[in-house]
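Listed below are the residues making up each chain.
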Amino acid sequence: MTKKITYWDDWLRLKENHKGRQFIRPEVCRTYNFGEHDQYATHFADMVKNARPIHGTDAVLKVSNIDDDVRILYKDQEDFERIAHQFGIFEEWKDGVPRTAYKGVVVFRYQTHKRVFLVGPESLQQLGIE
């Protein structure tokens, strides 16, 4: 069975293409190259670690009442899609990887200034956060 490929990141997210590697999308200013010093992973892990954890239901309401960056843990694809739907972001999942995910973490801006990190079940461990 051939998998449907619509966008370039669909192709990248296929297991036979990413081969366990991660890819990032440019949320960071492209005029500064983190790759020169290989500091992106540390920088990203610090942002996730410092984000305020949100638990339970009514995530949108809770996030609306917090001024800082937040992180929300999702358990599996179904849980990710439920949370993504609440925030009105892409619910797409391809071959075990959510769209735009880095080490299972999907980042988006909510109410313009704060970041919301949707964190996968193994993401904290992969980022060295425990």
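Residues numbered from 1 in each chain as written. Predicted model: local features only at pLDDT ≥ 70, side-chain atom pairs only at ≥ 80, totals over all residues. Heavy atoms only, no water.

Asker: Explain the layout of surface pockets to me, please; I cannot follow it from the model alone.
Answerer: Here the idea is plain: a probe the size of a water molecule rolls over the atoms and shows the empty space left. Reported here for the largest pocket is a volume of approximately 330 Å³. Together, 21 residues line the largest pocket, and G96, V97, K103, G104 and Q126 are the ones closest to its centre. Looking at the lining of the largest pocket, the elements with two or more residues in it are β4 (97–98) and α6 (123–126). Among the residues making up the lining of the largest pocket, the classes are represented as seven nonpolar, nine polar and five charged. (1 Å grid on protein atoms, 1.4 Å probe; cavity = no way out; pocket = protein on both sides within 12 Å on 5 of 7 lines; lining within 4 Å. Points joined across faces, edges and corners; volume = space filled by probe spheres on them. Helix = DSSP H or I, 4+ residues; strand = E, 2+ residues; numbered from the N terminus. Nonpolar A, V, L, I, M, F, W, Y, C, P; charged D, E, K, R; others polar.)

Asker: I would appreciate a short explanation of the nonpolar core in the present structure.
Answerer: Soluble globular proteins tend to pack their nonpolar side chains together in the buried interior. By size, the foremost hydrophobic cluster in this structure holds 20 residues, and its most contacted members are V63, I72, F87, V116 and L118. Counting residues per element, the ones that place at least two in this core are α4 (59–64), β2 (70–73), α5 (77–87), β5 (105–110) and β6 (114–119). If you tally residues by element for this core, the top one is α5, at four residues. Among all residues touching I72, those that are not within four sequence positions of it are I54, A59, V63, I83, F87, V116, F117, L118 and V119. Ranked by size, the runner-up nonpolar core spans 13 residues in total, among them F44, V48, Y102 and V119. (Core = buried A, V, L, I, M, F, W, Y, C linked by side-chain atoms within 4.5 Å. Buried < 20%, exposed > 50% of the residue type's maximum accessible area, 1.4 Å probe, protein only. Contact = heavy atoms within 4.5 Å.)

Asker: I'm lost on the pairing of β6 in this one. Help?
Answerer: Walk down a regular strand and you will see the side chains alternate between the two sheet faces. In terms of residue burial, β6 counts as a mostly covered element, since six of its six residues are buried. What you see with β6 is no split at all: K114, V116 and L118 on one side and R115, F117 and V119 on the other are buried throughout. Relative to β6, β2 runs parallel, the two being bridged by four bridges. Within β6, the position partnered with L73 by the bridge is V119. Pairing between β5 and β6: six bridges, direction antiparallel. Note on β6: the bridge partner recorded for F108 is V116. Between the end of β5 and the start of β6, which pair antiparallel, lie three residues, with Q111 showing a positive phi angle near 55 degrees. (Pairing = 2+ DSSP bridges.)

Asker: It is not clear to me how the pattern of salt bridges should be interpreted in this structure. Could you clarify?
Answerer: Pairs can form between side chains of opposite charge once their charged atoms are near each other. The tally for this structure, following the rule as stated, stands at three salt bridges. In this structure, R115 and D69 form a salt bridge, with 3.3 Å as the shortest nitrogen-oxygen distance. With R115 in strand β6 and D69 in the loop between α4 and β2, this pair connects stretches of sequence that are 46 residues apart. Of the charged contacts in the structure, one is a salt bridge between D79 and R82, with a shortest N-O distance of 2.6 Å. Here the residue D79 and the residue R82 both occupy positions in helix α5, the gap between them amounting to three residues, near one helical turn. (Salt bridge = Lys/Arg side-chain N within 4 Å of Asp/Glu carboxyl O.)

Asker: Help me understand helix α3 (residues 40–50) in this model?
Answerer: Along α3, the residues that are buried comprise Y40, F44, A45, M47 and V48. Considered in projection along α3, the buried side chains sweep an arc of 160 degrees and stay on one side of the axis. In α3, the exposed positions that point more than 90 degrees away from the buried face belong to T42, K49 and N50. Contacts from the buried residues of α3 go to β2, β5, β6 and α6. (Arc of directions from axis to C-beta.)

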